[in-house]
Amino acid sequence: MHLYRGDVMLKIVLLGAPGSGKGTQSLKLVAEYGVPQVSTGDLLRHAVAEQTELGLKAKAAMDAGELVSDDIVVGMIRERLDQPDAENGFILDGFPRSQAQAAALDVLLSRLDRPLQRVVHLEVDNEEIVQRLMSRGRADDNEETIRNRLAVFQEQTEPLVQYYKDQGLLVAVKGVGDVDEIFARIKAALDAA
Ligand code: AMP
């Protein structure tokens, strides 16, 4: 794959459990490749803080660690990818999280003629994930919500690993260790692919 820095077309998904480091690594990718991070979690938290109609609808599911409905998040993604800064690429962080969302993304990107280049799977053990989330202290990081979010991830999101493997898009990266080390692994995986 050709990743021209400065004149980049980086169109990727970061796939991983909550707490796997998607957000942290996305920000580093933004700095390196100059394409925007598109995080449905951030967009939803913003909507909740602003108390928009969409935010009010999403809040209960977020507090419970459930997925917000597909039509809400797919609508948000459609709007976000329509912004001019996403024309040269994007780092999708926390989306898609279900088969239905992945299918909707395929349709959306083929319409925009901007197909995905890679899906980076950040691999982190469950035990490590629970420890990280327990120490993170975000509003939706209490123990019961964490347990539920992990179960939801395993049921609904993890099958996407196979989905993207089948499409030949998946690259797996060990998400454990030093943040910069993990970032170097991601870059190597993208450059090699
Ligand atoms: P995150 O910041 O990605 O961990 O997301 C926080 C919460 O926002 C999740 O636990 C879900 O309730 C909701 N959320 C974020 N992204 C999605 C998505 N793609 N589909 C459904 N719900 C989402």
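The text that follows walks through the structure, step by step, so that each part is easy to find. This structure is a prediction, so every number in the text was calculated from the model and none was measured. (Residues numbered from 1 in each chain as written. Predicted model: local features only at pLDDT ≥ 70, side-chain atom pairs only at ≥ 80, totals over all residues. Heavy atoms only, no water.)

**Considerations on the environment of Val 179**
When you line up the elements, Val 179 lands in helix α9 (residues 179-192). Along the primary structure Val 179 and Gly 21 are separated by 158 residues, whereas in three dimensions their C-alpha atoms are 8.5 Å apart. What Val 179 contacts, discounting residues up to four positions off in sequence, is Thr 24, Gln 25 and Lys 28. (Helix = DSSP H or I, 4+ residues; strand = E, 2+ residues; numbered from the N terminus. Contact = heavy atoms within 4.5 Å.)

**Brief notes about the nonpolar core**
If you look at the biggest cluster of nonpolar residues, it comprises 29 residues, and the most contacted ones within it are Leu 81, Leu 105, Leu 116 and Tyr 164. Where this core is concerned, the elements lending two or more residues are β1 (10-15), α3 (53-64), α4 (70-81), β3 (89-93), α5 (99-112) and α8 (159-166). (Core = buried A, V, L, I, M, F, W, Y, C linked by side-chain atoms within 4.5 Å. Buried < 20%, exposed > 50% of the residue type's maximum accessible area, 1.4 Å probe, protein only.)

**Some remarks on α9**
Over its 14 residues, α9 extends 20 Å from the first C-alpha to the last, a length consistent with the 20 Å expected when each residue adds 1.5 Å. Inspection of α9 places Ile 182, Phe 183, Ile 186, Ala 189 and Leu 190 among the buried residues, and these make up the whole buried set. Seen from one end, α9 has its buried residues packed into an arc of 125°, which puts them on one side. Next to the buried residues of α9 lie β1, α1 (22-33), β4 (118-123) and β5 (170-174). (Expected span 1.5 Å × (residues − 1). Arc of directions from axis to C-beta.)

**Some details on the site of the ligand**
Contacts to the ligand come from 16 residues, most closely from Thr 40, Arg 45, Glu 66, Gly 94 and Gln 101. Taking Thr 40, its side chain carries an N or O atom lying 2.8 Å from a nitrogen atom of the ligand. A distance of 2.9 Å separates a nitrogen atom of the ligand from a polar atom in the backbone of Gly 94. Considered on its own, the ligand offers 480 Å² of accessible surface; in the complex 96% of this is hidden by protein. More than half of the atoms of the ligand fall within 2 Å of the grid points belonging to the largest pocket. For the shell around the ligand, the element with the highest residue contribution is helix α2 (residues 40-49), accounting for four residues. Residue composition of the shell around the ligand, grouped by class: six nonpolar, four polar and six charged. (Near = heavy atom within 4 Å. Polar contact = N/O pair within 3.5 Å; in protein donor to acceptor, adjacent residues only side chain to side chain. Areas by Shrake-Rupley, 256 points an atom, 1.4 Å probe, with all protein chains shown as cover. 1 Å grid on protein atoms, 1.4 Å probe; cavity = no way out; pocket = protein on both sides within 12 Å on 5 of 7 lines; lining within 4 Å. Sits in = over half its atoms within 2 Å of the grid points. Nonpolar A, V, L, I, M, F, W, Y, C, P; charged D, E, K, R; others polar.)

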